[in-house]
Amino acid sequence: MQSPCFNCICCQNSHGEKNPSSKIGIIITCHREFIDAVASSIQPNSQFTNHECLPSCAELFANLQEVYPHYSQTNLADEIRANEYYHLTLSKHVCFDYIGNGLFSYYQQQNMIKSHPIHDSIASSSSAPPPPPPPTHNEPFFNISYKSVSLTTQLLYGGQESDIERKMRKRIMKYMNLSNHDYSMVFTANQSSAFKLLADSYPFESNPNLLTVYDHENEAVEGMIDNAKKKGAKVVSAEFSWPNLRINSRKLRKTLSVKKKQGLFVFPLQSKVTGTRYSYQWMNIAQENGWHVVFEASALGPKDMETLGLSIFQPDFLICNFYKVFGENPSGFCCLFVKNSTISQLNKSSTSLGIIRLVPVDAKSFEHKNDSSSSISSENSVSEFQEIKQVSDQEPKTLFEILNWGNKSNEKTLSTTTTSLECRGLDHADKLGLILTSSRARYLINWLINALTRLQHPHTEDIHHPLVKIYGSKIHFNRGPAVSFNVFDWKGQKIDPTLVQKLADRHNISLSCAFLKHIWFSKMYDDEKNTILESCDGDNYNNNKKKEKMSFGVSVISVSIGMLTNFEDLYKLWSFIARFLDADFVEKEKWRYKALNQTTIEV
């Protein structure tokens, strides 16, 4: 018997069915088989009450491969990770704390460091290169500088553009599958800058509404909201129905359809906290009702842009973050794309700090990195960028000459060089492709959810006290590569997510904390509403007398996986969460670190 495929794209295209209803039936069957396979990937109906009795990583991985026969087709991701991101294995640190599109690889940074004459002495003579030493050079290969210019002026007239900016722009536009005939792009310092730029430039005077679709508190979006309110905008948020946290479709459709002066509709395709996906038909509904659409793509995984059909919907604005791939410090920059036909509608006089240019770093900052007068701040800069050079006549003497940013003083020395831009993170995403990356993420995130729900406090047969509670989408074929949850003690009391995060960090695991909000409860869930909701300060909803003036939601732990996440990473996380089955785990950790004279973990 042929094993099920568990790939929606493959299932829709491989059967050759002409009848749409037959296709739908096949897809539904495939999804049901997928859910059954998830359940059988760990011993059926088994619960784990002791962290010391968990099955081994090898055993569970073998089970995973058995129920997901096509998982082996994603081995290319493991090969790329082994060859160019081997610092992940050396550091023994697991990153689950951000979703983003990566431009660079660790290999590029190490390769550039080795190219510098200072590091020639540590080069190995072995034909098989050994794992690299820990990074000894953490300066950026280029820096950023702010431009005091309005968004409209920058979009219309641009200004002088460096070679690196031109090539970076071209590479990103290609990766995003966007045409410069349709969109113009500006570099911004970060996501917050992009949102604020848009709020400052948008004509809220004539289009006074701002409608956002976020199930969690987002600092960048909050900055946009603040700026919009200062300009007199009326701000409304979509609501998310408890317990699945899906969009309350009836309310959102009603809000979009109100026949008044419209405004800005800010929409992500999925939640970067819960992994819940939303239909991009909402963009179409908004446009039909006269709204300008801001599509925020930062929560998307690699290659997801290929599924958006932007040529059909063409949002007015698009925002996307770019990071290093699992670097030591995932800083980066953001890109704001504006539809060319929309530029003329923006305010021309508004100037807001946030637009940046990519600036070559002077060679002296590399050669004299300990000299405070020439040190470079990398808070908002992008590291690990590399320009590959071929020098035929004369070997360059400095890293600046290797980079050859076009300094006129080096024209004679490097007149025979050729330049090409290399963004290995994007190259790797392109190499893996949409089907492989989405299938791998689907297998892994659903396995993790299944594993977490198998952890059960012992001796609670009469009172059901699971260790973990999942919020939003649970096991689902079509979900994003993120999940939010909380850990509860044997009494059913929630353990502070920030405490779990701190303990995870002590175990070389990076997690995120988030705050779910804009949750709508039907009357059926009134009792849960009173016990679940809390303020950002931890005040209980049921006992708070100032409900109207406060924002209530749920503080959670959030886990995100990327294209290079592997099964061993998930097993390490699962094993760590299982430690909370020990009723004394938190106290033991406090005493252990205190005995080692380390910083006390504060509750």
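Just above sits the structure.
Quick look at the structure, then. (Residues numbered from 1 in each chain as written. Predicted model: local features only at pLDDT ≥ 70, side-chain atom pairs only at ≥ 80, totals over all residues. Heavy atoms only, no water.)

This part takes up the overall build of the chain. Regarding its fold elements, the chain presents 20 helices and 22 strands. For the chain, the residues scored as buried account for 52% of the 603 residues in total. Of the roughly 28,200 Å² of accessible surface on the chain, a fraction of 49% belongs to carbon and sulfur atoms. (Helix = DSSP H or I, 4+ residues; strand = E, 2+ residues; numbered from the N terminus. Buried < 20%, exposed > 50% of the residue type's maximum accessible area, 1.4 Å probe, protein only. Areas by Shrake-Rupley, 256 points an atom, 1.4 Å probe, with all protein chains shown as cover.)

Let's shift gears to the pattern of salt bridges. Per the counting criterion, the structure on display carries 14 salt bridges. Note that arginine 440 and aspartate 78 form a salt bridge whose closest N and O atoms lie 2.8 Å from each other. Within this pair, whereas arginine 440 is found in helix α16 (residues 424-453), its partner aspartate 78 is found in helix α4 (residues 75-84), the two being separated by 362 residues in sequence. Aspartate 78 sits in the partly exposed class, given a relative accessible area of 27%. The partner of arginine 81 in a salt bridge is aspartate 569, with the nearest N and O atoms 2.7 Å apart. (Salt bridge = Lys/Arg side-chain N within 4 Å of Asp/Glu carboxyl O.)

The next subject is the pairing of strand β9 (residues 263-268). Counting buried positions along β9 gives six out of six residues, so the element sits mostly inside the fold. In the sheet, strand β5 (residues 209-212) pairs with β9 via four bridges, with the strands oriented parallel. Its bridge partner lying in β9, leucine 210 is registered against leucine 264. For β9 and strand β10 (residues 292-296), the ladder comprises five bridges, and the chain directions are parallel. Counted as the bridge partner of phenylalanine 265 is valine 293 from β10. (Pairing = 2+ DSSP bridges.)

The three strands are arranged β8-β7-β20 in an open sheet whose pairing can be described as mixed. A single partner strand is all that each edge strand has here, and the edge strands are β8 (246-247) and β20 (519-520). With two bridges joining them, strand β7 (residues 240-241) and β20 adopt parallel strand pairing. Across the sheet, serine 241 pairs through a bridge with tryptophan 520, a residue of β20.

Between two packed helices, the angle of one axis relative to the other and the distance separating the axes together describe the packing. It is at 8 Å that the axes of helix α9 (residues 191-201) and helix α10 (residues 219-230) come closest, and there the two elements cross at 20°. With respect to α10, the axis of α9 lies roughly parallel. Handedness of the α9/α10 crossing: right-handed. Counted together, Gln191, Ser192, Phe195, Lys196, Leu198, Ala199 and Asp200 of α9 and Glu219, Ala220, Val221, Gly223, Met224, Asn227 and Ala228 of α10 form the full contact between these two elements. (Axes fitted to C-alpha atoms, helices over the stretch in contact; angles between N-to-C directions. Parallel < 35°, antiparallel > 145°, perpendicular 65-115°, else oblique. Left-handed = near helix turned anticlockwise from the far one by under 90°. Contact = heavy atoms within 4.5 Å.)

The subject of this paragraph is helix α12 (residues 281-288). Since the α-helix packs 3.6 residues into each turn, any two residues three or four apart lie on the same face. Listing the buried residues of α12 in full gives Trp282, Met283, Ile285 and Ala286. Seen from one end, α12 has its buried residues packed into an arc of 160°, which puts them on one side. (Arc of directions from axis to C-beta.)

Attention now moves to the packing of aromatic side chains. One pass over the structure, following the stated rule, counts 23 aromatic pairs. Residues phenylalanine 48 and tryptophan 574 carry aromatic rings whose centres are separated by 5.5 Å and whose planes lie at 85° to one another, so their mutual orientation is edge-to-face. Here tryptophan 574 lies in helix α19 (residues 567-578) and phenylalanine 48 lies in the loop between α2 (20-40) and α3 (57-67), a separation of 526 residues in the sequence. Residue tryptophan 574 is classed as buried on the basis of its relative accessible area, which comes to 0%. Pairing phenylalanine 576 with phenylalanine 580 gives two aromatic rings, centres 5.5 Å apart and planes at 85°, and the pair type is edge-to-face. Judged by its relative accessible area of 3%, phenylalanine 576 falls in the buried class. Residue classification places phenylalanine 580 among the buried positions, given a relative accessible area of 3%. Three or more aromatic residues link up through ring pairs in this structure, and these residues are Phe34, Phe48, Phe61, Tyr68, Tyr71, Tyr443, Trp447, Phe477, Phe567, Tyr571 and Trp574. (Phe/Tyr/Trp six-rings, centres within 6.5 Å; stacked < 30°, edge-to-face > 60°.)

Here the focus is the nonpolar core. Membership of the largest hydrophobic core comes to 68 residues, with the highest contact counts inside it found for Ile172, Phe265, Phe322 and Phe337. Ranked by residue count, the leading element in this core is helix α8 (residues 163-175), at five residues. Setting aside residues no more than four positions away along its own chain, phenylalanine 337 makes contact with Ile172, Met173, Met176, Leu178, Tyr183, Ser184, Met185, Asp316, Phe317 and Leu318. Counting 52 residues, the second-largest nonpolar core is a separate cluster that includes Tyr443, Leu444, Ile509 and Leu570. (Core = buried A, V, L, I, M, F, W, Y, C linked by side-chain atoms within 4.5 Å.)

Let's shift gears to the side chain of threonine 212. Residue position: threonine 212 is located in strand β5. Excluding residues that lie within four positions of it along the chain, threonine 212 makes contacts with Val221, Val236, Ser237, Ala238 and Val266.

Take the pairing of strand β19 (residues 512-517) next. Most of β19 is tucked away, with five of its six residues classed as buried. The pairing of β19 with strand β22 (residues 552-560) spans six bridges and is classified as antiparallel. From the neighbouring strand, lysine 517 faces β22, where its bridge partner is glycine 553.

Okay, unusual backbone geometry next. Residue proline 243 is bonded to the preceding tryptophan 242 through a cis peptide linkage, with omega at 10°. The topology assignment puts proline 243 in the loop between β7 and β8. Phi at leucine 245 takes a positive value of approximately 60°, unusual for a residue other than glycine. For leucine 245, the position within the fold is in the loop between β7 and β8. Owing to a relative accessible area of 1%, leucine 245 belongs among the buried residues under this scheme.

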